[in-house]
Amino acid sequence: MPHVLVAGRIHEAGIERLRRAPGFTFQVVDEVSTEAFAPHVGAADALLLRTQPLPESVIAGAPELKIVSRHGVGYDSVDVAALNARGIALAIVGDVNSVSVAEHTLMLMLAVAHRTIAYDAATRAGRWAFRNGFEATELFGKTVLVVGYGRIGRAVARLCAAFGLRVHVHDPFVDAARMEGDGFRPLSDLDAALHDADVVTLHVPFSGGPLFGARELALLKPGAVVINTGRGGLVDEAALAEALASGHVRGAGLDVFSAEPPDSDNPLLASDRVVLSPHSAGLTVECAERMAFSAADNIVSFFEGSLSPSLVVNRNAIAFGPREAEHA
């Protein structure tokens, strides 16, 4: 009888999927932290994981673990090598969050361009004359550089085009003909692309260090805007704070951070040129329901032998297939 540990509160749709699965038991730990769920992994055959880190030390304490199912698509904080060493599958959900994240990305672009937070604060404080500073700008006619052309990047590009932006795309792993066929301009040289961008939005995995540091920020045209709803660590936050303070970067919209939650002394928290959200781009009501159900369904499907290999990110490093899953 497979026992599932749900590490962090999820939408009821996911709980109901586990509840209705014959022969399954489950435990829910509401708090989203490694410290909260780690004491319970010893009895788990499966782990449904939110955004918490999953280090090797915790994996070592789970002798019965056969599958980890991420409540999302990222797995930067999971020790995949430790899972591979034990033959443990790591599953992600399918295309359930691209609409939510793309809409959130456009919300940040609009909020930064139109200085929404500053105008809101001024209105609440009775500073009606703040409007006379003419600080808001339009997105229409501007150039946006979409870095990363996966599901979310494609959705963002389509929304940007609908708002009248010129869409440039940088992704060395996607055929340029596909981007052109979608109506967007592919640019292989990132440095050159930065010179022309009014807005840069990031939708790529984290690869061990910042993609945007002081050098890349300096290449942007003065007054550009940086948006990151991709992964924390893609942007050097100290360098971004300096670029904002100097005025070279006009504003930024961030949903993800190098440390989550960000440290209280992070200078970006004190800047009124930055619009922030708590890694919530994919946490709409609709998306939360889809993610919870899909993450739970991946676990049930794994033990029933029907989990799609396309959802198992380490399928090439472990002995995984329908027969292995069936007899796990």
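Every chain begins its residue count from 1, and numbering advances along the sequence as written. At least 70 in pLDDT is required for a residue's local features to be given in this predicted model, at least 80 for side-chain atom pairs to be given and counted, and no such filter applies to totals for whole chains, interfaces and linings, which use all residues. Side-chain measures were taken over the full set of non-hydrogen atoms in the model, leaving aside hydrogen atoms and water.

**Quick word on the overall build of the protein chain**
In step 1: Numbering of helices and strands runs from the N terminus, with a helix taken as a DSSP run of H or I at least four residues long and a strand as a DSSP run of E at least two residues long. Regarding its fold elements, the protein chain presents 13 helices and twelve strands.
In step 2: We compute the radius of gyration from the C-alpha atoms alone; for a globule the expected value is 2.2 Å times N to the 0.38, where N is the number of residues. Taking 328 residues into account, the globule formula puts the C-alpha radius of gyration at 20 Å, and the protein chain, at 21 Å, falls close to it.
In step 3: Once the C-alpha set of the protein chain is aligned to its principal axes, its extents read approximately 65 × 50 × 30 Å.
In step 4: A 1.4 Å probe rolled over the protein chains alone gives each residue an accessible area, and that area as a share of the maximum for its type sets the label: buried under 20%, exposed over 50%, partly exposed in between. Out of the 328 residues belonging to the protein chain, those deemed buried represent 50%.
In step 5: The long-range share in the protein chain, meaning contacts at least 24 apart out of those at least 6 apart in sequence, stands at 58%. Residue contacts are defined here by distance: any two heavy atoms, one from each residue, within 4.5 Å place the two residues in contact.

**A few points about the packing of helix 5 (residues 98-113) against helix 7 (residues 151-162)**
Axis angle and axis distance: for two packed helices, these are the angle between their axes and the distance between the axes, and together they describe the pair.
In step 1: Orientation is described by axes fitted as lines to C-alpha atoms, over the contacting stretch for helices, and by angles from 0 to 180 degrees between their N-to-C directions. Two elements in contact, helix 5 and helix 7, have axes separated by 8 Å at closest approach and are oriented at 50°. In terms of orientation, helix 5 lies oblique with respect to helix 7. Between helix 5 and helix 7 lies a crossing of right-handed hand. Residues Ser-98, Val-101, Ala-102, Glu-103, Thr-105, Leu-106 and Met-109 of helix 5 touch helix 7, and the partners they reach there are Arg-151, Ile-152, Ala-155, Val-156, Leu-159 and Cys-160.
In step 2: Partitioned by chemical class, the residues of the contact of helix 5 with helix 7 number nine nonpolar, two polar and two charged. An angle counts as roughly parallel when it lies under 35 degrees, as roughly antiparallel when it exceeds 145, as roughly perpendicular when it falls between 65 and 115, and as oblique in every other case. Take the far helix as the reference: if the near one is turned anticlockwise from it by less than a right angle, the crossing is left-handed, and if turned clockwise, right-handed. In this classification, the charged set is Asp, Glu, Lys and Arg, the nonpolar set is Ala, Val, Leu, Ile, Met, Phe, Trp, Tyr, Cys and Pro, and all remaining amino acids, among them Gly, are polar.

**Things to note about the side chain of Asn-298**
In step 1: In this fold, Asn-298 is placed in helix 12 (residues 285-304).
In step 2: Sequence-distant contacts of Asn-298, defined by excluding residues within four places in its chain, comprise Ile-67, Ser-69, Ala-91, Ile-92, Val-93, Leu-307 and Leu-311.

**Observations regarding the side chain of Ser-69**
In step 1: The topology assignment puts Ser-69 in strand 4 (residues 67-70).
In step 2: In this structure Ser-69 comes out as buried when scored by relative accessible area, which is 0%.
In step 3: Ignoring anything within four residues of it in the chain, the contact list for Ser-69 reads Leu-47, Leu-48, Leu-49, Ala-91, Ala-295, Asn-298 and Ile-299.

**Remarks on the sheet that holds strand 6 (residues 143-147)**
In step 1: Any two strands between which DSSP finds at least two bridges are classified as paired. Here seven strands make up an open sheet; going across it, the order is 8-7-6-9-10-11-12 and the pairing parallel. Strands with a single pairing partner mark the edges of an open sheet, and in this sheet they are strand 8 (185-186) and strand 12 (274-276).
In step 2: Pairing of strand 6 with strand 7 (residues 166-170) involves five bridges; the strand directions are parallel. For Thr-143, the partnering residue across the bridge sits in strand 7 and is Arg-166.

**Re the sheet that holds strand 4**
In step 1: Reading across the sheet, the five strands line up as 2-1-3-4-5 and stay open at both edges, with parallel pairing between neighbours. For this open sheet the edge positions go to strand 2 (25-29) and strand 5 (89-91), each flanked by a neighbour on one side alone. Here the average twist between neighbouring strands, direction ignored, is 15°.
In step 2: Looking at chain direction, strand 3 (residues 46-49) and strand 4 are connected through four bridges and run parallel. Paired with Ala-46 across the bridge in strand 4 is Ile-67.
In step 3: Together, strand 1 (3-7) and strand 2 form the strand contacts of helix 1 (residues 12-19), whose direction differs from that of strand 2 by roughly 155°.
In step 4: Its contacts with the sheet place helix 12 against strand 1, strand 3, strand 4 and strand 5, and it is angled at close to 155° to strand 4.

**Thoughts on unusual backbone geometry**
With the exception of glycine, the majority of residues adopt a negative phi angle, and the majority of peptide bonds are in the trans configuration.
In step 1: With an omega of -5°, the peptide bond between Glu-260 and Pro-261 qualifies as cis.
In step 2: For Arg-115, which is not a glycine, the phi torsion comes out positive at approximately 55°.
In step 3: Assignment of secondary structure puts Arg-115 in the loop between helix 5 and helix 6 (116-124).
In step 4: Taking relative accessible area as the criterion, Arg-115 reaches 5% and is therefore assigned buried.
In step 5: Within the chain, Phe-134 stands out as a residue other than glycine whose phi angle is a positive 50°.
In step 6: Within the element layout of this structure, Phe-134 appears in the loop between helix 6 and strand 6.

**What about the packing of aromatic side chains?**
In step 1: Working definition: rings of Phe, Tyr and Trp (its six-membered ring) pair if their centres are within 6.5 Å, and the pair is stacked with planes under 30 degrees apart, edge-to-face with planes over 60 apart, and tilted otherwise. In this structure the tally under the stated criterion is four aromatic pairs.
In step 2: An angle of 75° between the planes, with centres 5.9 Å apart, marks the rings of Phe-24 and Phe-303 as edge-to-face. In this pair, Phe-24 sits in the loop between helix 1 and strand 2 while Phe-303 sits in helix 12, placing the two residues 279 residues apart along the sequence.
In step 3: Taking 5.1 Å as the distance between ring centres and 90° as the angle between the ring planes, the aromatic pair formed by Phe-302 and Phe-303 counts as edge-to-face. In this structure, Phe-302 and Phe-303 share a single accessibility class: buried.
In step 4: Through a chain of ring-to-ring contacts, the aromatic side chains of Phe-24, Phe-302 and Phe-303 assemble into a single cluster.

**Let's talk about the pairing of strand 3**
In summary, the side chains of a regular strand alternate between the two faces of the sheet.
In step 1: The two faces of strand 3 match: Ala-46 and Leu-48 on one face and Leu-47 and Leu-49 on the other face are all buried.
In step 2: One ladder, built from four bridges, connects strand 1 with strand 3; its direction is parallel. Paired with Val-4 across the two strands is Ala-46, which belongs to strand 3.

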